[in-house]
Amino acid sequence: MMKFRFRRQGADPQREKLKQELFAFNKTVEHGFPNQPSALAFDPELRIMAIGTRSGAVKIYGAPGVEFTGLHRDAATVTQMHFLTGQGRLLSLLDDSSLHLWEIVHHNGCAHLEEALSFQLPSRPGFDGASAPLSLTRVTVVLLVAASDIAALGTEGSSVFFLDVTTLTLLEGQTLAPGEVLRSVPDDYRCGKALGPVESLQGHLRDPTKILIGYSRGLLVIWNQASQCVDHIFLGNQQLESLCWGRDSSTVVSSHSDGSYAVWSVDAGSFPTLQPTVATTPYGPFPCKAINKILWRNCESGGGMPRASYGDRHCVSVLRAETLVTLDFTSRIIDFFTVHSTRPEDEFDDPQALAVLLEEELVVLDLQTPGWPAVPAPYLAPLHSSAITCSAHVASVPAKLWARIVSAGEQQSPQPVSSALSWPITGGRNLAQEPSQRGLLLTGHEDGTVRFWDASGVALRPLYKLSTAGLFQTDCEHADSLAQAAEDDWPPFRKVGCFDPYSDDPRLGVQKVALCKYTAQMVVAGTAGQVLVLELSDVPVEQAVSVAIIDLLQDREGFTWKGHERLSPRTGPLPWPAGFQPRVLVQCLPPAAVTAVTLHTEWSLVAFGTSHGFGLFDYQRKSPVLARCTLHPNDSLAMEGPLSRVKSLKKSLRQSFRRIRKSRVSGKKRAANASSKEANAQLAEQACPHDVEMTPVQRRIEPRSADDSLSGVVRCLYFADTFLRDGAHHGPTMWAGTNSGSVFAYALEVPAAAVGGEKRPEQAVEAVLGKEVQLMHRAPVVAIAVLDGRGRPLPEPYEASRDLAQAPDMQGGHAVLIASEEQFKVFTLPKVSAKTKFKLTAHEGCRVRKVALATFASVACEDYAETCLACLTNLGDVHVFSVPGLRPQVHYSCIRKEDISGIASCVFTRHGQGFYLISPSEFERFSLSARNITEPLCSLDINWPRDATQASYRIRESPKLSQANGTPSILLAPQSLDGSPDPAHSMGPDTPEPPEAALSPMSIDSATSADTTLDTTGDVTVEDVKDFLGSSEESEKNLRNLAEDEAHACAILIK
């Protein structure tokens, strides 16, 4: 027997050069609200704000588009942060008592954040001869002394150390020990009690040599650093929480653990001061929760709450003269600051805004407008105000539709006419070019809302919120009753913030979203089988919504739905505000979650699928066209619904073991037949001219059993105008792919619209089954796309007819690309014969999770672009393949394979970018294109002279840290290959850019906790969970890491 072996050719240098001009992987920016914030700082001179997190991240924000991100080497909690005012430097304190100095450094006009120095307070300081246990030297509070580069560190052991900030070294001989303070205290006050930890350090507003020190016991001391003596003592007895100077430094305000605050007079005549001039409990006389922080801005302070009846509330109280308002938030308060005048010559503080950092959102209030309204945030919006359940991206949105969506959003939250305050955090300059085209990010949520976000640039700005709950009768009366508070309630609560994680009905959750950007029509599909077709309107209306019910089981016997009931729609005309208004409601029976949906506005058709089958609906005539059941006789699990799947756990385990045993026995019998087939397949693969030289090792993939549970789940739906019946006549078709590897292709008879007309005639649409394909390994079908005669994907509805895209080639033969979890395959049309394939699972040992066709533009030639297939696997890798040849181009490690929710939430854009959730509240943005990159490019005006002495202490190189969500080897800041950011990379996500942008910047480290899990994100399947389960050694390692993380998390309490 003769054997022929074709040797593969080496890599083509021309093609490799072209790849570098087309593809480049960058993680560019994190959109949303930082996960688990733990510290807050504000620079009133530069107008920038910093947020630290429990995972060790440092994020600095200024004007929209001005962002800096850094990550500590150790994933420890950031407990405090302090700006060196006007210098662009930040001092951070971690829960391990280590201090870190960060600097905003400029290179070629662009700035990024770097860690310069770090310092750990020694447990046994040798210069004063004292030895202290580690717990007593834990740093509790930090103060940056004004007008000097000195930091004061208060500790658990009542000592105060002083530090040179420029070098982060201790100043010897200046430590303030508790014994020195006790010598100035009367004997009867000592009485054997310790002072307790240092709770607060406050610098004198006019004399930088004086420091106000507050101890936990209640003792207040004004320490003179120049003369090394005590200037004044206030003998307080209440447990201290916070301190604040008055504007003229003649008074001191202290807050205490019993909910009271006191005003002390700094009178040089009386020493020591025994009693405060004012002592009051705002919500007394009953015991109250502690006032953790107090600010005195002429007539304003923050406070606690009565402990007895309001212990579960998170509040900040604002007092002005006789006016008291209690701001009631929905999540825990981390910290707050006021934006006010800091010039010494001003007589008043004149507070303009109050910024409150909460655990789940940032709220800014306008203090100059009556009623103190909230200021809309241009970024840091809480994406997870209700849990995200799905997401979609719409590229190149027409300007007219964009303006209509923005207008609808402005009508939802009108600003008070009298409010003149804009966003107060305005530091820095955004150097990125204004994108010429806009991108929309749509997020579906658990409470039935769809939120529209401006994803054109670095700042993810909220535009509009669509709510579908008003169409249904839900049990939400209890929420209304809670919102209606009596006028004579005390304290006067005021609900603030938009974070509301509770859903009135879990059936309202949005599962799939599709938007047509040319007709302003969209479809929203939910958890209870509801499919809602909506249309954008600029005016409010009151109208009834027509309801249609489609039975996907088609009266099949032997199946009984055990899940939730369908939602009951409201009857009669209903009021709808300006924005997207529902036109038609289609409800599937059984009411299972919708797993796939697609919209074709030119034909007025919407297709939808569930775990039981798929349907086709004509929303112009408001009549069903097709219903097809895809259930296998053994698909009992599909009838149980999401709430009763626990009962089938034992059954599915039994089936899994049976399949394993069956595969072992049948594998021996198939060995002879399979060997010849695999040899032929390898021979065909070797003939490919442009592949790598080494022959890939193929893994034998066991065919999936036809009786697998949930085999009838519809995974994808697709409309196309192509050749299905014969090669001479093309027409509308619909394609459906299922979990068992079945593909159904239907030929549609759609009445043609008149020339120049928008709507088609009022005639019935007919659907006839044209082809049915069964993939050999029965792998789930992830995506379907038809390619024209030039191998390009077909344009969207109205895209070609309105000359917005090149018309498809209808002369040459079409092909259909079918992507399953295991392989990609191209079939010719209309014969549906295999043309090209790539076995991803056999070559790489992974499974496909997300697929998209994207256009990659070259950075060297403005007019050159390629359409490729982008694919995300269950291992978190991104692969790019040529189309229609299916040749591998590049692949990158993108997401940790353990991050199941992140992989399930990933969405690709049409121009080579992508988003995925790295926490419940943050999207990581990445780019696969060398040309389309959206990253922070900004500068900051700082007045700190960087001389040689200071520069010598800096860390010379940004460390390559392991990303907090697991992607290794990426830098802290956006940096070009030559070490400097390139302003040419400030393009929008989907816009053509100048060809000079030849260098791709390095990625930004993601700063998100590694052990973050999401509540509900995307489609998490059984296969995902199997991929997540590793070996016993990996499990033990993960448990050890988790135990260490929990130990860190429990070591500090942020009040």
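Residues numbered from 1 in each chain as written. Predicted model: local features only at pLDDT ≥ 70, side-chain atom pairs only at ≥ 80, totals over all residues. Heavy atoms only, no water.

Asker: Any chance you could explain the overall build of the protein here in plain terms?
Answerer: When helices and strands are tallied, the protein shows eleven helices and 59 strands. By residue count, 56% of the 1055 residues in the protein fall in the buried class. Of the contacts made within the protein by residues no fewer than 6 positions apart, 62% connect residues no fewer than 24 positions apart. Of the roughly 45200 Å² of accessible surface on the protein, a fraction of 52% belongs to carbon and sulfur atoms. (Helix = DSSP H or I, 4+ residues; strand = E, 2+ residues; numbered from the N terminus. Buried < 20%, exposed > 50% of the residue type's maximum accessible area, 1.4 Å probe, protein only. Contact = heavy atoms within 4.5 Å. Areas by Shrake-Rupley, 256 points an atom, 1.4 Å probe, with all protein chains shown as cover.)

Asker: Looking at this structure, I do not really get the pairing of strand 8 (residues 98–107). What am I missing?
Answerer: The side chains of a regular strand alternate between the sheet's two faces. Of all ten residues in strand 8, eight are buried, a share of seventy percent or more. Where strand 7 (residues 89–94) meets strand 8, five bridges bridge the pair, whose relative direction is antiparallel. When the bridges of strand 8 are listed, Leu90 appears paired with Trp102. Taking the residues that link successive antiparallel strands as the turn, the strand 7-strand 8 hairpin has three residues, and the phi of Ser97 there is positive, at about 65°. Hairpin connection from strand 8 to strand 9 (residues 110–120): two residues lie between these consecutive antiparallel strands, with Asn108 at a positive phi of about 55°. (Pairing = 2+ DSSP bridges.)

Asker: Help me understand the pattern of salt bridges, please; the structure alone is not making it clear to me.
Answerer: Opposite charge on two side chains permits pairing when their charged atoms draw close. Counted under the stated rule, the structure contains 25 salt bridges. Between Asp538 and Arg404 there is a salt bridge whose closest N-O contact spans 3.0 Å. Here the residue Asp538 occupies a position in the loop between strand 35 (530–537) and strand 36 (541–543), and Arg404 occupies one in helix 4 (residues 399–412), the gap between them amounting to 134 residues. A salt bridge links Glu796 to Arg910, with the shortest nitrogen-to-oxygen separation between them at 3.0 Å. Of this pair, Glu796 sits in the loop between strand 48 (781–787) and strand 49 (815–820) while Arg910 sits in the loop between strand 56 (907–908) and strand 57 (913–919); the two residues are 114 residues apart in sequence, bridging distant segments of the chain. Residues participating in the shared-partner salt-bridge network are Glu434, Arg438, Asp454 and Arg461. (Salt bridge = Lys/Arg side-chain N within 4 Å of Asp/Glu carboxyl O.)

Asker: What exactly am I supposed to notice about the sheet that holds strand 54 (residues 877–882) here?
Answerer: Across a sheet, strands are paired by hydrogen bonds formed along the backbone, either parallel or antiparallel in direction. The strand order across the open sheet built from four strands is 52-53-54-55, with neighbouring strands paired in antiparallel fashion. With one partner strand each, in any of the chains shown, strand 52 (848–857) and strand 55 (888–893) form the two edges of the open sheet. Neighbour-to-neighbour, the strand axes of the sheet open up by a mean angle of 20°, direction not taken into account. Direction of pairing for strand 53 (residues 865–873) relative to strand 54: antiparallel, over a ladder of five bridges. In the strand pairing of strand 54, Leu869 is matched with Phe881. (Axes fitted to C-alpha atoms, helices over the stretch in contact; angles between N-to-C directions.)

Asker: I'm lost on the environment of Leu153 in this one. Help?
Answerer: Inspection of the secondary structure puts Leu153 in strand 11 (residues 150–155). Judged by relative accessible area, which is 0%, Leu153 ranks as buried. In sequence terms Leu153 and Val198 are 45 residues apart; their C-alpha atoms lie 8.9 Å from each other. With residues up to four places along the chain from it excluded, the contact list for Leu153 reads Leu99, Phe119, Leu121, Val139, Val141, Val142, Ser159, Val160, Phe161, Leu163 and Leu201.

Asker: How should I be thinking about helix 4 in this particular structure?
Answerer: The α-helix winds at 3.6 residues per turn, so residues separated by three or four positions along the chain end up facing the same way. Given a rise of 1.5 Å per residue, 14 residues ought to cover 20 Å, and the 20 Å separating the end C-alpha atoms of helix 4 matches this to within 8%. All of the buried residues along helix 4 are Leu401, Trp402, Ile405, Val406, Ala408 and Gly409. Burial along helix 4 is one-sided: seen end-on, the buried residues are contained in an arc of 160°. Exposed residues lying more than 90 degrees from the buried face of helix 4 are Ala399, Lys400 and Glu410. Considering only its buried residues, helix 4 is in contact with strand 27 (388–397), strand 29 (438–445), strand 30 (449–454), strand 31 (461–467), strand 35 and strand 39 (579–589). (Expected span 1.5 Å × (residues − 1). Arc of directions from axis to C-beta.)

Asker: Before we go on, may I ask you to explain the pairing of strand 57 in this structure?
Answerer: Counting buried positions along strand 57 gives seven out of seven residues, so the element sits mostly inside the fold. One ladder, built from two bridges, connects strand 56 with strand 57; its direction is antiparallel. Opposite Val907, over in strand 57, you have Phe915 as the bridge partner. Here strand 56 hands over to strand 57 after four residues, with Gly912 in that stretch at a positive phi of 85°. Alignment of strand 57 against strand 58 (residues 922–929), held across six bridges, turns out to be antiparallel. Pairing of Gln913 across the sheet is with Ser927, part of strand 58. Connecting strand 57 to the antiparallel partner strand 58 that follows it, the hairpin turn spans two residues.

Asker: Whenever I open this one, the sheet that holds strand 37 (residues 546–551) confuses me. Can you help?
Answerer: Taken in spatial order, the five strands line up as 33-34-35-39-37 in an open sheet, and their pairing is mixed. Both edges of this open sheet fall to strand 33 (510–516) and strand 37, since each of them pairs with a single strand only. Taken over all neighbouring pairs, the strand axes of this sheet differ in orientation by 20° on average, direction set aside. Judged from the eight bridges that link them, strand 35 and strand 39 form a sheet pairing that is antiparallel. What sits directly across from Glu535, in strand 39, is Gln581. Sitting on the sheet, helix 4 touches strand 35 and strand 39, and the angle it makes with strand 35 is about 100°.

Asker: Could you clarify how one ought to interpret unusual backbone geometry in this entry?
Answerer: Each neighbour pair has its own omega, and for Leu589 with Pro590 the value is -5°, a cis peptide bond. Inspection of the secondary structure assignment puts Pro590 in the loop between strand 39 and strand 40 (596–600). A cis amide bond links Val883 to the next residue, Pro884, at an omega of 5°. With respect to the helices and strands, Pro884 occurs in the loop between strand 54 and strand 55. The backbone phi angle of Arg47 is positive, close to 60°, even though this residue is not glycine. In this structure, Arg47 sits in the loop between strand 2 (37–43) and strand 3 (48–53).

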